[in-house]
Amino acid sequence: MYSYNLTHLKQLEAEAIFIFREIASQFERPVLLFSGGKDSIVLVRLAQKAFWPARLPFPLMHIDTEHNFPETIHFRDKLASDIGVRLIVSSVQDSIDQGRVAEESGLNASRNNLQTTTLLDAIEEHHFDACFGGARRDEEKARAKERFLSHRDEFGQWDPKNQRPELWNLLNGRKDPGEHFRVFPISNWTEMDVWQYIALENLEIPSIYFSHQREVVRRNGVLLAKCDFLNLTEKEQYEELTIRFRTVGDMTCTGAVESEAGSVETIIQEVASARETERGGRADDKRSEAAMEDRKKEGYF
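Now for a quick tour of the structure. Chains are numbered independently. Their residues run from 1 in the order of the written sequence. Given that the model is predicted, a residue must reach a pLDDT of at least 70 before its local features are reported, and side-chain atom pairs must reach 80 or more before they are shown or counted; all residues, however, enter totals for whole chains, interfaces and linings. Here the side-chain values reflect all heavy atoms present in the structure, with hydrogen atoms and water set aside.

As for the packing of aromatic side chains
- Working definition: a ring pair exists when centres of Phe, Tyr or Trp rings (six-membered ring for Trp) sit within 6.5 Å. Plane angles under 30 degrees give stacked, over 60 give edge-to-face, the rest tilted. Following the criterion strictly, the structure yields eight aromatic pairs and no others.
- Between Phe27 and Phe181, the ring centres sit 5.6 Å apart and the planes meet at 70 degrees, which makes this aromatic pair edge-to-face. Here the residue Phe27 occupies a position in the loop between α1 (6-26) and β1 (30-33), and Phe181 occupies one in strand β6 (residues 180-183), the gap between them amounting to 154 residues. Accessibility assignment for this pair places Phe27 and Phe181 in one class, buried.
- Here the aromatic rings of Phe51 and Phe58 are separated by 5.8 Å at their centres, their planes lie at 85 degrees, and the arrangement is edge-to-face.
- Members of the aromatic cluster, connected to one another through ring pairs, are Phe20, Phe51, Phe58 and Phe132. Think of it this way: any DSSP run of H or I at least four residues long counts as a helix, any run of E at least two long counts as a strand, and we number them from the N terminus. Residue burial is assigned from relative accessible area. The probe radius is 1.4 Å, only protein chains are included, and a residue is buried under 20% of its type maximum, exposed over 50%, and partly exposed in between.

As structure tokens, this is what we get:
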């Protein structure tokens, strides 16, 4: 059995539980943004511990591009059913049908960027004032700029140069009508911490995180899984490789890695030797140097 630094993980766990309880006491209508990925799965377990033996005092919400991995959607529905929590699914397709956003065209078209409008509309519709998310500081440089509480104005926008200080575990949730906060309880965690916690808690995760055979196409250094939403050029073709995914999301921009890791323990060993962040395989982050920060300013996760 793999050896874990229990003290370190328990400190991170206690910090996250404190944040969950603090937000529940300050805000009227929180929601947990749930993608079916490993980080949001860890968030659910931490929330369960924070409010045990009661059920979660807030729903889960998924912003569904309808271009997601089927394995992830199946897992999402099963988990919500198993723990008896309300699941809200807001669809990007509905936003397209309503004329709120326009479908991208071209070779690298994706619905990933379109999620922002759907998310902001859902927050307004349900009057959510705090949205828990699974962002971590080690994922991407823009995420490293945020505090535990990320203030969003009445337009859902984030101002990275005007953030509130967080001293001595004091979380300032003061807001004006129409504003809300994004809350990141595992902001101080690393990818390694998440995997060690999954092992420690024996958490179930979607099968795409483990090594399997799948047809993929190589595009701009990213391995994209075969799906109905990708258009290939004349020079591109699918090949079958042994791969797994380090992160989950829209199939049109979520890259795989070649891997033989078929268990949580072997994934941990693989992560320990990795020299690229898990979002290094995300095609949407490669659109520009500041792609993530620009999207977050507009209201992205």
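On we go from here.
What about the environment of Asp250?
- With respect to the helices and strands, the residue Asp250 is situated in the loop between β9 (239-244) and β10 (255-258).
- Measuring from C-alpha to C-alpha, the distance between Asp250 and Phe69 comes to 7.2 Å, with 181 residues separating the pair along the chain.
- Not counting residues within four places of it along the chain, the set of residues in contact with Asp250 comprises Thr65, His67, Asn68, Ser110, Arg111 and Asn112.
- At a separation of 2.9 Å, a polar atom in the side chain of Asp250 contacts the side chain of Thr65. Contacts were defined at the residue level, with two residues in contact if any of their heavy atoms lie within 4.5 Å. Counted as a polar contact is a pair of N or O atoms within 3.5 Å, where, for protein atoms, one must be capable of donating a hydrogen and the other of accepting one, and residues adjacent in sequence contribute only when both atoms are in side chains.

Quick word on the pattern of salt bridges
- Note on definitions: salt bridges are taken to be side-chain nitrogens of Lys or Arg within 4 Å of carboxyl oxygens of Asp or Glu. Considering all chains together, one arrives at 20 salt bridges under this definition.
- For the salt bridge of Glu215 with Lys226, the shortest nitrogen-to-oxygen distance reads 3.5 Å. Here the residue Glu215 occupies a position in strand β7 (residues 212-219), and Lys226 occupies one in the loop between β8 (222-225) and β9, the gap between them amounting to 11 residues.
- For Arg218, the salt bridge is made with Glu258, and the minimal N-O distance between the two is 3.6 Å. Here Glu258 lies in strand β10 and Arg218 lies in strand β7, a separation of 40 residues in the sequence.
- Salt bridges sharing partners connect three or more residues here, namely Lys10, Glu13, Arg45, Lys49 and Glu201.

So, the packing of helix α6 (residues 191-201) against helix α7 (residues 264-273)
- Axes here refer to lines fitted to C-alpha atoms; in helices the fit is confined to the stretch in contact. Angles between the N-to-C directions go from 0 to 180 degrees. Relative orientation of the contacting elements α6 and α7 amounts to 165 degrees, with a least axis distance of 10 Å. With respect to α7, the element α6 is oriented roughly antiparallel. For the pair α6 and α7, the sense of crossing is left-handed. Contacts between α6 and α7 involve Glu191, Met192, Trp195, Gln196, Ile198 and Ala199 from the former and Val264, Glu265, Ile267, Ile268, Val271 and Ala272 from the latter.
- Of the residues that constitute the contact of α6 with α7, the class distribution is nine nonpolar, one polar and two charged. Angles are sorted into four bins: roughly parallel if under 35 degrees, roughly antiparallel if over 145, roughly perpendicular if 65 to 115, and oblique for all others. Handedness of each helix crossing follows the sense of rotation of the near helix against the far helix: counterclockwise by less than a right angle gives left-handed, clockwise gives right-handed. Only Asp, Glu, Lys and Arg are considered charged in this grouping, and only Ala, Val, Leu, Ile, Met, Phe, Trp, Tyr, Cys and Pro are considered nonpolar; every other residue, Gly among them, is considered polar.

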